[in-house]
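Take a look at the letters that make up each chain.
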Amino acid sequence: MLRRARRTITILRTRKDLDGWRAQQSEVGLVPTMGALHAGHADLMRRAAAENDIAIASIFVNPTQFAPGEDLEKYPRTFERDVEVLRDAGVAACFAPTVEDMYGDGDGVAVLPPPRFDALSEGAARPGHFSGVCTVVAKLWNAVRPKRSYFGQKDAMQCAVLRSLRRDLAFDLEVVVCDTARADDGLALSSRNAYLDADERAAAPVVFRALGAARDAWRAQAGPGPAAALRSAAEATLAAEPLVRRVEYVSVADYDTMAELDVVPPPDGGAEPRAILSVAVRLGNVRLIDNLPLRGN
């Protein structure tokens, strides 16, 4: 029996390596990641490989998006396994730079998101986080010059911020947002799920159930309704789970701007999101986020 040859993948460690590789390519799709890859990342990569002449992923644990006291040092780093995920997903190259290669002596320009995001849900919960995201993504977009760049819907505020970054700084690319990948019980796939112990993992789907309860309340509306009713439905579901140590926020917001809503438009049967539900909780010592766009009926 003939054995299928293993797909080769090019590992690029420096900007010079990347520049040489990029000069030989035409239309490129980029998937920025911090590694510790899971099935959700693989979905993004398969789509990037299918929709572009060639796909590249970055693996870089970006220190500028971690606040003091967050999990920078313990963030999972699984590079060899990650390369196998990239290879299986059809990615042709992996850009895996050092901090020094990305930031030099660290005294460089930072890219700030619009100030309005600082007061909203995830922006308020993690001060400075989205400046780090915008800075590293702007560097990657400038270096790779992709036609399309792929992100998961799970990081809803990040997607909104990066759409603004692309528009406001006139990057010539498309930001492609893909549906959140989930386990069979509804838990959104995340690299940080590895921190959950067995009891916490069993309890973690309460986050998705809370979003579902809020969505059910929305679907029951006959017309425009109070966002507070949706928040209350999610909060009641979370309150019933003893391992939820703290609810950081329950957000009902405009899908594009992430601004909090007082009144939610009713279901209209269409495909475009009418609003978005987002939550962040502490389950034991693990921080979980998730969201659910409200669309259709």
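Residues numbered from 1 in each chain as written. Predicted model: local features only at pLDDT ≥ 70, side-chain atom pairs only at ≥ 80, totals over all residues. Heavy atoms only, no water.

1. Some remarks on the layout of surface pockets
Filter applied, for reference: Computed over the protein atoms alone on a 1 Å grid, cavities are sets of points where a 1.4 Å probe fits but cannot get out and pockets are open sets with protein on both sides within 12 Å along at least five of seven lines; a residue lines them when it has an atom within 4 Å of a point. Grid points are joined across faces, edges and corners, and a volume is the space filled by probe spheres set on the points. Numbered from the N terminus, helices here are DSSP runs of H or I no shorter than four residues, and strands are runs of E no shorter than two.
Computed from the structure, the second largest pocket encloses a volume of approximately 280 Å³. Considering the residues around the second largest pocket, the lining is formed by 15 residues, among which Q153, D179, T180, P293 and R295 are closest to the centre. Elements represented by at least two residues in the lining of the second largest pocket include exactly β6 (174–178), α9 (206–219) and β11 (286–295). It is β11 that contributes the most residues to the lining of the second largest pocket, five residues altogether.

2. Quick look at the confidence of the model for the protein chain
Heads up, the rule is: Confidence scores here are pLDDT values: one per residue, from the predictor, ranging 0 to 100. What makes two residues a contact is simply this: any of their non-hydrogen atoms within 4.5 Å.
For the protein chain, mean pLDDT is 94; residues scoring 70 or higher make up 98% of the total. Note on residues 1–5: pLDDT under 50 across the span, and zero contacts to partners over four residues away in sequence or across chains.

3. Brief notes about the state of the cysteines
Rule in force here: Here, two cysteine sulfur atoms that lie within 2.5 Å of each other are counted as a disulfide.
For the structure on display, the rule yields zero disulfides. Among the cysteines around C94, which has no disulfide bond, C178 carries the closest sulfur, lying 19 Å off. With no disulfide of its own, C178 lies 8.9 Å from the sulfur of C159, the closest cysteine sulfur.

4. Concerning the sheet that holds strand β8 (residues 244–253)
Threshold: Strand pairing is assigned whenever DSSP detects at least two bridges linking the two strands. Only C-alpha atoms enter the line fits that serve as axes; for helices the fit covers just the stretch in contact. Angles between N-to-C directions range over 0 to 180 degrees.
Here three strands make up an open sheet; going across it, the order is β8-β10-β11 and the pairing antiparallel. Of all strands in the sheet, those with a lone pairing partner are β8 and β11, marking the two edges. Looking at each pair of strands side by side, their axes are set apart by 15 degrees on average, direction ignored. Summarising the sheet, strand β10 (residues 273–283) and β11 pair through 10 bridges and their orientation is antiparallel. If you follow P273 over to β11, its bridge partner there is R295. Sheet strands touched by helix α10 (residues 227–239): β8, β10 and β11. Its angle to β8, the strand with the most contacts, is close to 160 degrees.

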